[in-house]
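Single-letter residue listing:
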Protein chains: 2
Amino acid sequence: MAISVHSSRRDELVAQAARLFSERGYHGASMQDLAEALGLLRGSLYAHIGSKEDLLFDVANQGAVRFLERGLAAAAEAGTPPERLRAFLGAHVETAIEHLDAGTVFMNEWRYLSPALRTKIQDKRDLYESTVRDLLTEGQRSGHFRADLDVSLAARLVLSAGNWVYAWYKPDKELSPQEIGRGYADMLIRGFEEGP
Amino acid sequence: MAISVHSSRRDELVAQAARLFSERGYHGASMQDLAEALGLLRGSLYAHIGSKEDLLFDVANQGAVRFLERGLAAAAEAGTPPERLRAFLGAHVETAIEHLDAGTVFMNEWRYLSPALRTKIQDKRDLYESTVRDLLTEGQRSGHFRADLDVSLAARLVLSAGNWVYAWYKPDKELSPQEIGRGYADMLIRGFEEGP
DNA sequence: CGGCAGCAAACAAACGGTCGTTTGGCGAGC
DNA sequence: GCTCGCCAAACGACCGTTTGTTTGCTGCCG
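So, here's what we can say about the structure.

About the thresholds
Residues numbered from 1 in each chain as written. Chains lettered and ligands numbered in written order. Predicted model: local features only at pLDDT ≥ 70, side-chain atom pairs only at ≥ 80, totals over all residues. Heavy atoms only, no water. Phe/Tyr/Trp six-rings, centres within 6.5 Å; stacked < 30°, edge-to-face > 60°. Helix = DSSP H or I, 4+ residues; strand = E, 2+ residues; numbered from the N terminus. Lys NZ or Arg CZ within 6 Å of the ring centre and 35° of its normal. 1 Å grid on protein atoms, 1.4 Å probe; cavity = no way out; pocket = protein on both sides within 12 Å on 5 of 7 lines; lining within 4 Å. Points joined across faces, edges and corners; volume = space filled by probe spheres on them. Nonpolar A, V, L, I, M, F, W, Y, C, P; charged D, E, K, R; others polar. Near = heavy atom within 4 Å. Polar contact = N/O pair within 3.5 Å; in protein donor to acceptor, adjacent residues only side chain to side chain. Salt bridge = Lys/Arg side-chain N within 4 Å of Asp/Glu carboxyl O. Buried < 20%, exposed > 50% of the residue type's maximum accessible area, 1.4 Å probe, protein only. Least-squares fit on C-alpha atoms with pLDDT ≥ 70 in both. Contact = heavy atoms within 4.5 Å. Buried area = accessible area lost by both parts, 1.4 Å probe. Expected span 1.5 Å × (residues − 1).

For the rest of this paragraph, the subject is the packing of aromatic side chains. Tallied over the full model, the rule gives 15 aromatic pairs over all chains. Ring geometry for A:Trp164 and B:Trp164: centres 6.3 Å apart, planes at 70°, overall edge-to-face. Taken together, the residues A:Trp164 in the loop between α7 (151-163) and α8 (165-168) and B:Trp164 in the loop between α7 (151-163) and α8 (165-168) connect one chain to another. Cation over ring: B:Arg125 sits above B:Phe106, and NZ or CZ is 4.7 Å from the ring centre.

For the rest of this paragraph, the subject is empty space enclosed by the protein. Within the structure shown, the criterion is met by five cavities of 30 Å³ or more. Computed from the structure, the largest cavity encloses a volume of approximately 110 Å³. For the largest cavity, the lining is made up of 18 residues, of which A:Glu109, A:Tyr112, B:Gly25, B:Glu109 and B:Tyr112 are closest to its centre. Here the residues of the lining of the largest cavity sort into four nonpolar, eight polar and six charged.

Here we take up the protein's contact with DNA strand C. Residues in contact with DNA strand C amount to 16 residues; listed here are only the nearest, A:Met31, A:Tyr46, A:Lys52, B:Arg9 and B:Leu41. Restricting the count to atoms of DNA strand C within 4 Å of the protein gives a sugar and phosphate share of 65%. Within the backbone of A:Met31, one N or O atom sits 2.9 Å away from a phosphate oxygen of DNA strand C. A distance of 3.1 Å is found between a base oxygen of DNA strand C and a side-chain nitrogen or oxygen belonging to A:Arg42. Partitioned by chemical class, the residues of the surface near DNA strand C number five nonpolar, seven polar and four charged.

Here we take up the pattern of salt bridges. Residues and elements named next belong to chain A. Overall, the coordinates contain 23 salt bridges over all chains when judged by the stated rule. Asp148 is the partner of Arg146 in a salt bridge, and the nearest nitrogen-oxygen pair spans 3.1 Å. Owing to a relative accessible area of 15%, Arg146 belongs among the buried residues under this scheme. Sharing partners across several salt bridges, the network here consists of Arg70, Glu94 and Glu98.

This brings us to the relation of the copies chain A and chain B. Rotating chain A by 180° and moving it 0.0 Å along the rotation axis overlays it on chain B with an RMSD of 0.0 Å. The symmetry that links the two subunits is that of a two-fold axis. Residue A:Gly191, judged by its C-alpha, is the member of chain A lying nearest the rotation axis, at 1.9 Å. In this assembly the copies share their binding face: 97% of the residues contributing to the interface of chain A also contribute to that of chain B.

Right, let's get into the interface of chain A and chain B. On the chain B side, the residues contacting the 38 residues of chain A number 37 residues. It is A:Leu153, A:Trp164 and A:Met187 that lose the most area in chain A upon contact with chain B, and together they represent 25% of the buried surface on that side. With a shortest N-O distance of 3.7 Å, B:Glu109 and A:Arg111 are connected by a salt bridge. Our count for the chain A to chain B interface comes out at eight residue pairs in polar contact (both at pLDDT 80 or more). Counting residues per element, the ones that place at least two in the side of chain A that touches chain B are α1 (9-24), α5 (100-108), α7, α8 and α9 (177-192) of chain A. With nine residues, the single largest contributor to the side of chain A that touches chain B is α9(A). Here the residues of the side of chain A that touches chain B are counted per class, giving 17 nonpolar, nine polar and twelve charged.

A separate point is helix α1 (residues 9-24) of chain B. Residues and elements named next belong to chain B. Taking 1.5 Å as the rise per residue, α1 with 16 residues should run 22 Å; its terminal C-alpha atoms sit 22 Å apart, in good agreement. Taken as a whole, α1 has its buried residues at Leu13, Val14, Ala17, Ala18, Leu20, Phe21 and Ser22. Buried positions along α1 lie against α2 (31-38), α3 (52-75) and α5 (100-108). Gly25 lies just past α1 and shows a positive phi near 85°.

Because each turn of an α-helix spans 3.6 residues, side chains separated by three or four positions end up pointing in the same direction. All names here are of chain B. Looking at α2, one finds that the buried residues are Met31, Asp33, Leu34, Ala35 and Leu38. Looking at the buried side of α2, the elements it contacts are α1 and α3. A positive phi of about 75° marks Gly39, the residue just after α2.

Any functional reading would require information beyond the geometric quantities listed.
And the structure:
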């Protein structure tokens, strides 16, 4: 007897959709593909979902929520701004790698959502980015980061590092998520700090 | 009499394909869409191309060649390793922004190529990345960069910054490509250099 | 100068196949 | 006995591609 890790059939659907959308892209993965992965006919999927786009939203939203929850928690920890930025980066990289599929869809495929649904994801992205900006601004005020740091650009740099992980990380890699996050944080924070 | 900026009809096809593939994705853009953009019927396109995949390869390869030409030239300039890294980053960001469409396809859609064609793009990507690694290694030997710098990870960081530009840059932005490249270089190089 | 060959470009129509989605029925388990 | 999960079949639309034909030019030859 197979024990499912999913609490419901729908969760299983979303998980397989995440895998397929990340591998082949939203438009490149068909309902046929998804049904085959689950051992069903494609019409049968519509007992569980409203439309293909619903699935895309669920996958992208799941990715967004995971990044937000862990990232915001890390940024709100006790410690100096550099310490919290380090924790944030670590959380981001770990989340990206633990949930590579949903993360890839969150980064790559969310833009194919219709405007109404896309907005909901965009809001979460904006909140996430502003968290980084706030952290950097706070670090400036506390004197940890250079006063002439361009906060918007630095935030983009931090997120670029984290967001591109999905594009090159292979699960059998030598480096662990923790090592990657720590390495990135070392280089970036040193670049943000006051010089000698 | 209208003067075309394209040397041939095929170039015009590739340019429109770049735009559509970057906007809607390779699988999301149909030959119908492309034909309409050119004022043709979709069958007529096949007088100029062999297949849709040919177009994807042409667009992705065009992007790859542009990055390679400018990036390798910048890395081979006279100057110290930090200066050349700065030139490289500037060239990359400028290229990414000047050719946002082809660059986006080069970053996002190239993976949908069949293995034979994908390999040709992958080779160019590998060459590009190794150029950054060599530059960083040289900077270590010359004493400009920290001896304990993880060169592979630092190279990934540089490329992440540059590769993610297409994902957030909007042409009406306040920051010029030069300013972005310079800002990234300031932060990154400071992070790579020997401490006090 | 007239006519005709050669050419590239595009149309018109069709190919087999796949797309996402809907509907009606049916069997198994609470 | 009723609900839930799935099947079977079908829907119209669209997919990428092929084919045969028409169009409008261009340059050459008589």
